[in-house]
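Each chain, letter by letter, is given below.
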Amino acid sequence: MAVHVIDFHLHIGLKEHWHSWVHDYQKSSRSEFYKRYEELIVPENLAQYLRDNDIAKAVILPDLCPITTGNVPNEYVMEFCEGQDIFAPFCTVNPSLTTHPELEAKKYIQRGAKGIKLYPSYNHFYPNETRLYPLYHLAQEEQLPVLVHTGSSVFRGSKIKYADPIHLDEVVTDFPDLTVLMAHGGRGIWYDRAYFLSRIHPHLYVEISGLPPKKLLDYFPDMENNIEKFVYGSDWPAVQTISSNINEIKKLPLKEESKKKILYGNAAKILGLQ
Ligand SMILES: [Zn+2]
């Protein structure tokens, strides 16, 4: 029986939104998307492509990261997602580009944003800075998840010190009802830290996009015991196909029930789909 999937981490963008080195990376990862760019960057086509690959819901991310990747505006993502139920658009805030992150986010939440993405290492801020607290307050009140990049990045100009999951300990301690996902699970040097924090904080999750599924049990040997806290994302288009990682996860020596939680159940709860 097919397992329906929620993909918590997809990037879209026009070619002019991204810096040349982002294009180089996408090309080198032999992404199917890159070969079919013009075709797939049309909302109807992307929605159909996702449905064809058994994706039930896809989180679509903007990025306002002029130093590292480029600018995929919130406006663009909101418009792209309009009228396609399969998309869950997130908005993003770059605290260097606005003095009131919460007002910025509120605009897009009113237009249907289902969560907020933050890029600390791309935009050089710590996620526990108090200037972001009004934003967290808003997200907590609206019961919307915040997806925060943690760990390494291949892109030029990103600084990993900002992407240490430990900074999120303070955020979720100060906002105990806020749902936070650690994108990439502290990739590179902080898997154990991300995992530990997800165990002690009830609303803090490990999001596994950008991690090779075959390595998941090396990175998180004990994941079966905390499986409620793992959420699948592809980081598409930085993968070969939208399904390559899903197929690998299905082969892992985990309980069938656990795989369903990673691929669908946990994300469905977070997005309020149940
Ligand atoms: Zn990403």
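The coordinates are above.
Residues numbered from 1 in each chain as written. Predicted model: local features only at pLDDT ≥ 70, side-chain atom pairs only at ≥ 80, totals over all residues. Heavy atoms only, no water.

## Brief notes about the packing of aromatic side chains
Going through the model one piece at a time under the given rule, you end up with 17 aromatic pairs. Taking 5.6 Å as the distance between ring centres and 45° as the angle between the ring planes, the aromatic pair formed by Phe 80 and Phe 87 counts as tilted. Comparing Phe 80 with Phe 87, the two get one shared label, buried. For the pair Tyr 191 and Tyr 219, a centre-to-centre distance of 3.9 Å together with 10° between the ring planes defines the contact as stacked. You can see Tyr 191 sitting in helix α10 (residues 191-200) and its partner Tyr 219 sitting in helix α11 (residues 216-219), a full 28 residues away along the chain. In this structure Tyr 191 comes out as buried when scored by relative accessible area, which is 11%. Within the aromatic cluster, the residues linked to one another by ring pairs are Tyr 191, Tyr 195, Tyr 219, Phe 220 and Phe 230. Between Lys 229 and the ring centre of Tyr 205, over which it is positioned, the NZ or CZ distance is 5.5 Å. (Phe/Tyr/Trp six-rings, centres within 6.5 Å; stacked < 30°, edge-to-face > 60°. Buried < 20%, exposed > 50% of the residue type's maximum accessible area, 1.4 Å probe, protein only. Helix = DSSP H or I, 4+ residues; strand = E, 2+ residues; numbered from the N terminus. Lys NZ or Arg CZ within 6 Å of the ring centre and 35° of its normal.)

## Description of the coordination of the zinc ion
Bound to the zinc ion on the protein side are His 9 (NE2), His 11 (NE2) and Asp 235 (OD), at distances that span 2.0 to 2.3 Å. Read N to C, the donor residues that coordinate the zinc ion are spaced as H-x1-H-x223-D. Of the two residues, His 9 sits in strand β1 (residues 5-11) while Asp 235 sits in the loop between β11 (230-231) and α12 (244-250), which places them 226 residues apart along the sequence. (Donors = N, O, S within 2.8 Å, 3.2 Å for Na, K, Ca; no water.)

## Some thoughts on the pattern of salt bridges
The tally for this structure, following the rule as stated, stands at 11 salt bridges. Put simply, Arg 111 and Glu 75 hold a salt bridge, and the shortest N to O gap is 2.7 Å. Taken together, the residues Arg 111 in the loop between α6 (101-110) and β7 (116-118) and Glu 75 in helix α5 (residues 74-81) connect sequence positions 36 residues apart. Using a relative accessible area of 37% as the deciding quantity, one classes Arg 111 as partly exposed. On the basis of relative accessible area, Glu 75 is assigned to the partly exposed category, the value being 34%. Between Glu 104 and Lys 107 there is a salt bridge whose closest N-O contact spans 3.6 Å. On the criterion of helical spacing, the pair formed by Glu 104 and Lys 107 is a turn pair, its members being three residues apart in helix α6. Using a relative accessible area of 43% as the deciding quantity, one classes Lys 107 as partly exposed. (Salt bridge = Lys/Arg side-chain N within 4 Å of Asp/Glu carboxyl O.)

## Considering the packing of α6 against helix α8 (residues 133-142)
Where α6 meets α8, the closest approach of the two axes is 8 Å, and the angle between their N-to-C directions is 30°. Between α6 and α8, the angle is such that the two are roughly parallel. Crossing geometry of α6 relative to α8 is assigned as right-handed. The residues of α8 that touch α6, namely those facing Pro 101, Glu 102, Ala 105, Lys 106 and Ile 109, are Pro 134, Leu 135, Leu 138 and Glu 142. The residue makeup of the contact of α6 with α8, split by class, is six nonpolar, no polar and three charged. (Axes fitted to C-alpha atoms, helices over the stretch in contact; angles between N-to-C directions. Parallel < 35°, antiparallel > 145°, perpendicular 65-115°, else oblique. Left-handed = near helix turned anticlockwise from the far one by under 90°. Contact = heavy atoms within 4.5 Å. Nonpolar A, V, L, I, M, F, W, Y, C, P; charged D, E, K, R; others polar.)

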